[in-house]
Amino acid sequence: MEATVLKDSFKFDYNAAANYWLNKDAHSKKMPREQVLEKITAFIEAHNTCTLTTASEGHVRCTPIEYNFVDNHFYFFSEGGLKFRGLKKNKHVGMAIYEPYNGFGNLKSLQIEGMASLVEPFSEEYLKVMEYKKIPKLL
């Protein structure tokens, strides 16, 4: 993939672009916190696939992956992949859950940032998620 090089004469205000929605939100009517959390939880539970993003110096990986939302935590089962290159040195992750695009101004999505941790195989927490997914434990 070839990068587009901007001419030196073009000056882009990255700060203004980054703050666009923050500034717009500062003047918007706010929903009560409990109602927001209910809507967020309903959106999360209505889906099961996201894009999980990991990164480390010189490397970014966006992985489409199934998630499980158990006790207000996201869980992912994975056999491996380049996402672990980022996780080795950087536990900060991002994820996005979204509806299919159906026109400008109609996209519904949820973006989440957090810290990842690995769950020890066959630990109590691991078995809880396996039970949630109805995966038989084979010991």
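Here is a short report on the structure shown in this document.

Quick word on the overall build of the chain
Within the chain one finds five helices and six strands. When the elements of the chain are put in sequence order from the N terminus, they spell out α-α-α-β-β-β-β-α-β-β-α. At 19 Å, the chain has a C-alpha radius of gyration far larger than the 14 Å of a compact globule built from 139 residues. For the chain, the spread of C-alpha atoms along the three principal axes comes to 65 × 40 × 25 Å. Partitioning the contacts of the chain with sequence separation of at least 6, the portion at a separation of at least 24 is 47%. For the chain, the computed accessible surface area is about 11,800 Å², with 55% contributed by carbon and sulfur atoms. Looking at the chain, you have 18 positive and 17 negative side-chain charges, and the mean spots of the two groups are 3 Å apart.

A word on the side chain of His 59
For His 59, the position within the fold is in strand β2 (residues 59-66). Those residues in contact with His 59 that lie beyond four places of it in its chain are Thr 54, Leu 82, Arg 85 and Gly 86.

Considerations on the pattern of salt bridges
Within the structure shown, the criterion is met by three salt bridges. Between Asp 25 and Lys 30 there is a salt bridge; the shortest N-O distance is 3.7 Å. For Asp 25, a relative accessible area of 41% puts it in the partly exposed group. Its salt-bridge partner being Asp 71, residue Lys 128 comes within 2.9 Å of it at the nearest N-O pair. Of this pair, Lys 128 sits in helix α5 (residues 124-132) while Asp 71 sits in the loop between β3 (68-70) and β4 (73-75), and the two are 57 residues apart along the sequence. Overall, the relative accessible area of 53% leaves Asp 71 in the exposed class.

The rules behind the values
- Residues numbered from 1 in each chain as written.
- Predicted model: local features only at pLDDT ≥ 70, side-chain atom pairs only at ≥ 80, totals over all residues.
- Heavy atoms only, no water.
- Helix = DSSP H or I, 4+ residues; strand = E, 2+ residues; numbered from the N terminus.
- Rg over C-alpha atoms; globule rule 2.2 N^0.38 Å.
- Contact = heavy atoms within 4.5 Å.
- Areas by Shrake-Rupley, 256 points an atom, 1.4 Å probe, with all protein chains shown as cover.
- Lys, Arg positive; Asp, Glu negative; His and termini not counted.
- Charge placed at Lys NZ, Arg CZ, Asp CG, Glu CD.
- Salt bridge = Lys/Arg side-chain N within 4 Å of Asp/Glu carboxyl O.
- Buried < 20%, exposed > 50% of the residue type's maximum accessible area, 1.4 Å probe, protein only.

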